[in-house]
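# Remarks on the overall topology
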Amino acid sequence: KQLDGIWHTAIVAYGDEFFFGGEGISSCSPGGTMLGPPDTVVELGETEVSEEIFMDYLSSLGESSYRGDRYRLFEHNCNTFTNEVAQFLTGRSIPSYITDLPSEVLST
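This section reports on the structure supplied with the text. Being a predicted model, the structure only gives us computed values, none of them experimental.

So, on to the sheet that holds strand 2 (residues 16-21). Here we have three strands laid out as an open sheet, ordered 1-2-3, and antiparallel in their pairing. Every interior strand has two partners, whereas the edge strands, strand 1 (11-13) and strand 3 (24-28), have only one. Each neighbouring strand pair of the sheet contributes to a mean axis angle of 30°, computed without reference to strand direction. Pairing of strand 2 with strand 3, which is carried by five bridges, proceeds in the antiparallel orientation. Paired with Phe19 across the strands is Ser26, a residue of strand 3. The strands that helix 2 (residues 78-90) touches are strand 1, strand 2 and strand 3; relative to strand 1, the one it contacts most, it runs at about 35°.

Shown next as structure tokens:
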């Protein structure tokens, strides 16, 4: 099976882009990661979560399940993080063609 890409994801909220990698949770200006501007942006909707609650949530994740040493390319990566945070903020998941990619790669 041909794969169209290995997707990096992040989430933009409150004017910053948040992502997870080997250094843990990081942030930058939207489109400002070392990978450059995104090829595709998926709108997930609005949030009713306040910025203060969101930042507390990220801090908690960064001290537990999303520390840098917990990063695993196929099992616990930027897409896992983005999906979890998207659900927290909006109740919606990121597209399954992204979340299903690791299992597709491992099954080839």
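Here we take up unusual backbone geometry. Apart from glycine, the bulk of residues carry a negative phi angle, and the bulk of peptide bonds sit in the trans form. With a phi close to 55°, Tyr14 is a non-glycine residue in the positive phi region. Looking at where Tyr14 falls in the secondary structure, it is placed in the loop between strand 1 and strand 2. Overall, the relative accessible area of 33% leaves Tyr14 in the partly exposed class.

For helix 2, spanning 13 residues, the distance from its first C-alpha to its last is 18 Å, which sits close to the expected 18 Å at 1.5 Å a residue. For helix 2, the full list of buried residues reads Cys78, Asn79, Phe81, Thr82, Asn83, Val85, Ala86 and Leu89. In this fold, the buried residues of helix 2 make contact with strand 1, strand 2, strand 3, helix 1 (51-63) and helix 3 (96-99). The N-capping residue of helix 2, defined by a side-chain oxygen 2.9 Å from the backbone nitrogen of Asn79, is Asn77. Taken from the residues just after helix 2, Gly91 is the one with a positive phi, measuring 80°.

Helix length check: helix 1 (13 residues) gives 18 Å between terminal C-alpha atoms against 18 Å at 1.5 Å per residue, within 8%. Its buried side turned inward, helix 1 meets strand 1, strand 2, strand 3 and helix 2.

Before going further, it helps to examine a nonpolar patch on the surface. Where nonpolar side chains cluster on the molecular surface, the patch consists of Trp7, Val42 and Tyr97 and spans about 270 Å² of accessible area. Position of Tyr97 relative to the elements: it lies in helix 3. Of the residues examined, Tyr97 reaches a relative accessible area of 44% and is grouped as partly exposed.

How each quantity is defined
Residues numbered from 1 in each chain as written. Predicted model: local features only at pLDDT ≥ 70, side-chain atom pairs only at ≥ 80, totals over all residues. Heavy atoms only, no water. Pairing = 2+ DSSP bridges. Helix = DSSP H or I, 4+ residues; strand = E, 2+ residues; numbered from the N terminus. Axes fitted to C-alpha atoms, helices over the stretch in contact; angles between N-to-C directions. Contact = heavy atoms within 4.5 Å. Buried < 20%, exposed > 50% of the residue type's maximum accessible area, 1.4 Å probe, protein only. Expected span 1.5 Å × (residues − 1). Polar contact = N/O pair within 3.5 Å; in protein donor to acceptor, adjacent residues only side chain to side chain. Patch = residues over 30% accessible without salt bridge, like charges linked within 9 Å, V, L, I, M, F, W, Y side chains within 5 Å. Areas by Shrake-Rupley, 256 points an atom, 1.4 Å probe, with all protein chains shown as cover. Salt bridge = Lys/Arg side-chain N within 4 Å of Asp/Glu carboxyl O.

Don't take any of this as a statement about function, it's just geometry.
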